[in-house]
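# Descriptive structure summary
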Amino acid sequence: AQSVTQLDSQVPVFEEAPVELRCNYSSSVSVYLFWYVQYPNQGLQLLLKYLSGSTLVKGINGFEAEFNKSQTSFHLRKPSVHISDTAEYFCAVSDNTGNQFYFGTGTSLTVIP
Amino acid sequence: GAVVSQHPSRVICKSGTSVKIECRSLDFQATTMFWYRQFPKKSLMLMATSNEGSKATYEQGVEKDKFLINHASLTLSTLTVTSAHPEDSSFYICSGPSGEGINEQFFGPGTRLTVL
């Protein structure tokens, strides 16, 4: 079975500052890794995903994440945040069928003007 | 990307009534769809896997008689919350695989259920 840990439940950051949202996973098999964003009262929107290949993955809205197998991490980064990035961010892992997803508890990112 | 819709987006009902939530894949066919429940400020919890043409598979601790799932066609799965109670109030989200490869899920916009 897989599991995901998001260590930071809330991350406040000033506008135009960099941000890193942490995600660690555990799994006994090869996994796929995802980051989703959720705006209030909305569903999930895929930010980026790691399936294979380059460990640095670039996504939408200027976000990127790096897969680190030795540290079992998949941290999300953005060099300069905007007010509109305020949202809930979820890290997720699936097995290599991509069907069953396991989500972290989420990180609430608040961008301060 | 693929599109998944849910209807209704919000529903308020009285305790004891049943509520049906629809999940449709608009531009792809899905033999499997997934239902999640999200509590306030919490993560998504997988409730069940909806299988077209056969019974749904429920996660441990989810009451199958309370949360009825029907996968009527390759583009429609329904979740019926029977005899709803206030503790069933939650945000319900469905997802389906894109079919492009086997490694991506597309999530619906969610349904906010409030039971009075």
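Residues numbered from 1 in each chain as written. Chains lettered and ligands numbered in written order. Predicted model: local features only at pLDDT ≥ 70, side-chain atom pairs only at ≥ 80, totals over all residues. Heavy atoms only, no water.

## Comments concerning the overall build of chain B
Scanning chain B from N- to C-terminus turns up zero helices and 11 strands. Relative to its length of 116 residues, chain B is compact, with a C-alpha radius of gyration of 13 Å against a globular reference of 13 Å. Considering only C-alpha atoms, chain B reaches an extent of 40 × 25 × 20 Å along its principal axes. A total of 116 residues make up chain B; the buried ones form 53% of that total. (Helix = DSSP H or I, 4+ residues; strand = E, 2+ residues; numbered from the N terminus. Rg over C-alpha atoms; globule rule 2.2 N^0.38 Å. Buried < 20%, exposed > 50% of the residue type's maximum accessible area, 1.4 Å probe, protein only.)

## Notes on the interface of chain B and chain A
Contact with chain B, which involves 20 residues of that partner, is made by 21 residues of chain A. A combined buried area of about 1600 Å² lies between chain B and chain A, and 50% of that area is made up of carbon and sulfur atoms. On inspection of chain B and its partner chain A, the count reaches zero salt bridges. Among the elements of the structure, strand E4 (32-38), strand E5 (44-51), strand E9 (90-97) and strand E10 (105-107) of chain B are those that each provide at least two residues to the side of chain B that touches chain A. Taken together, the residues that form the side of chain B that touches chain A break down as 10 nonpolar, five polar and five charged. (Contact = heavy atoms within 4.5 Å. Buried area = accessible area lost by both parts, 1.4 Å probe. Salt bridge = Lys/Arg side-chain N within 4 Å of Asp/Glu carboxyl O. Nonpolar A, V, L, I, M, F, W, Y, C, P; charged D, E, K, R; others polar.)

## Re the pattern of salt bridges
For the structure shown, the criterion picks out seven salt bridges over all chains. Note that A:Lys58 is salt-bridged to A:Glu64, the shortest N-O span being 2.8 Å. Exposure remark for A:Lys58: the relative accessible area of 61% places this residue in the exposed category. Overall, the relative accessible area of 22% leaves A:Glu64 in the partly exposed class. B:Lys66 is the partner of B:Asp88 in a salt bridge, and the nearest nitrogen-oxygen pair spans 2.9 Å. Pair noted here: B:Asp88 is in the loop between strand E8 (76-81) and E9 and B:Lys66 is in the loop between strand E6 (57-58) and strand E7 (67-73), with a separation of 22 residues, a long-range link. Overall, B:Asp88 belongs to the buried group, its relative accessible area being 4%.

## Examining the nonpolar core
In terms of nonpolar packing, the biggest core is built from 27 residues, with A:Leu33, A:Trp35, A:Leu47, A:Leu48, A:Phe74, A:Leu76 and A:Tyr89 touching the most fellow members. Within the residue set of this core, elements represented by two or more residues are strand E2 (10-14), strand E3 (19-21), strand E5 (31-38), strand E6 (44-50), strand E8 (64-68), strand E9 (73-78), strand E10 (87-95) and strand E12 (107-112) of chain A. The residues contacting A:Leu76, other than those within four sequence positions of it, are A:Val19, A:Glu20, A:Leu21, A:Trp35, A:Leu47, A:Leu48, A:Phe63, A:Glu64, A:Ala65 and A:Tyr89. Counting residues in hydrophobic clusters, the runner-up holds 24 residues, among them B:Cys23, B:Ala84, B:Tyr92 and B:Cys94. (Core = buried A, V, L, I, M, F, W, Y, C linked by side-chain atoms within 4.5 Å.)

## What to know about the side chain of B:Thr80
Within the fold, B:Thr80 resides in strand E8. Ignoring anything within four residues of it in the chain, the contact list for B:Thr80 reads B:Ser18, B:Val19, B:Lys20, B:Lys66, B:Phe67 and B:Leu68.

## Looking at the sheet that holds E8(B)
All names here are of chain B. An order of E1-E3-E8-E7 is seen for the four strands of this open sheet, with the pairing classed as antiparallel. A single partner strand is all that each edge strand has here, and the edge strands are strand E1 (4-7) and E7. Strand-to-strand twist of the sheet, defined as the mean angle between neighbouring strand axes without regard to direction, takes the value 20 degrees. Relative to E8, E7 runs antiparallel, the two sharing five bridges. Bridge pairing in E8 links Leu68 to Thr80. (Pairing = 2+ DSSP bridges. Axes fitted to C-alpha atoms, helices over the stretch in contact; angles between N-to-C directions.)

Treat this as a map of the structure, not an account of what it does.
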